[in-house]
Amino acid sequence: MEKIKIQYLDDTVERLRCIDGKSDWIDLRAAEDTELQCGEFRLIPLGVAMQLPQGYEAHIVPRSSTFKNFGIIQTNHTGIIDNSYCGPNDWWYMPAYALRDTVIHKNDRICQFRIVKNQPPLIFEETERLEGTDRGGLGSTGVR
């Protein structure tokens, strides 16, 4: 089991925890009350900084209820934090855009993350034709 060093912004930020049996994603929470007007962008602090193990990265995405509950979307859709972002001032944020006026309270769950092994080195081999099954192109389920 990998160990990850974590620093919290302060003692009032709820501590991270895994939810056994439900998912291997871990919820992240707002580290301060944030009020956004429709059309406003803000980096919402998540109250954590971590030192990820060598060869790993964190993938941060909104929770399935984030838009419904808060009317915000994550502007980069998936945030990637690599293991070089590991210093005492490398705090995690969610870049959010408000599609309606909203208030997010400290410790509201707004996004989630998982730790993923880095992709191995790849070599791209050019070919004139692929030999896989032709599914019919973009938007096709393979049935016509």
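Look above for the structure.
These lines cover the structure that appears in this document, whether it is placed above or below. Think of each chain on its own: its residues are numbered from 1, step by step along the sequence as written. Since the coordinates come from a predicted model, pLDDT governs what is reported: local features require at least 70, and pairs of side-chain atoms require 80 or more to be given and counted, while whole-chain, interface and lining totals use all residues. In computing side-chain values, all of the structure's heavy atoms are included and hydrogens and water are not.

### What about the overall build of the chain?
Next up, step 1: When helices and strands are tallied, the chain shows 1 helix and 11 strands.
Next up, step 2: Traced from its N-terminal end to its C-terminal end, the chain shows the element sequence β-β-β-β-β-β-α-β-β-β-β-β.
Next up, step 3: In terms of overall dimensions, the chain is more spread out than a globule: its C-alpha atoms have a radius of gyration of 19 Å, far above the 15 Å expected for 144 residues.
Next up, step 4: With the C-alpha coordinates of the chain rotated into their principal frame, the extents come out at 55 × 40 × 30 Å.
Next up, step 5: Whether a residue is buried, partly exposed or exposed follows from its accessible area with a 1.4 Å probe, protein chains only, as a fraction of its type maximum: under 20%, in between, or over 50%, in that order. Relative to its full complement of 144 residues, the chain shows a buried share of 35%.
Next up, step 6: We call two residues contacting when some pair of their heavy atoms lies within 4.5 Å. Looking at the chain alone, contacts between residues at least 24 apart form 75% of all its contacts between residues at least 6 apart.
Next up, step 7: Split by element, the accessible area of the chain, about 10,100 Å² in all, is 51% carbon and sulfur.
Next up, step 8: Charge assignment: positive for Lys and Arg, negative for Asp and Glu; neither His nor the chain ends contribute. To locate a charge, take NZ of a lysine, CZ of an arginine, CG of an aspartate or CD of a glutamate. Both charge centroids of the chain, one from 17 positive and one from 21 negative side chains, sit 7 Å from each other. Secondary structure elements are defined from DSSP: runs of H or I of at least 4 residues count as helices, runs of E of at least 2 residues count as strands, and each element is numbered from the N terminus. Just to be clear, the radius of gyration here is over C-alpha atoms, and the globule rule we use is 2.2 Å times residues to the power 0.38. The protein chains shown are the only cover counted for residues, whose accessible areas, like all others here, come from Shrake-Rupley with a 1.4 Å probe.

### Some words on the sheet that holds strand β11 (residues 109-117)
The strands making up a sheet associate through backbone hydrogen bonding, with each pair oriented either parallel or antiparallel.
Next up, step 1: The 4 strands lie next to each other as β2-β11-β6-β8, forming an open sheet whose pairing is antiparallel. Each edge of the open sheet carries a strand with a single partner, namely β2 (26-29) and β8 (79-82). Neighbour-to-neighbour, the strand axes of this sheet turn through a mean angle of 30 degrees, independent of strand direction.
Next up, step 2: Two strands pair when backbone bridges link them, and strand β6 (residues 56-62) and β8 are joined in this way by 4 bridges, in the antiparallel orientation. Among the inter-strand pairings, Ala58 is bridged to a residue of β8, identified as Ile81. Only when DSSP finds a minimum of two bridges between them are two strands counted as paired. Note on geometry: axes are lines fitted to C-alpha atoms, helical ones only across the stretch in contact, with angles between N-to-C directions running from 0 to 180 degrees.

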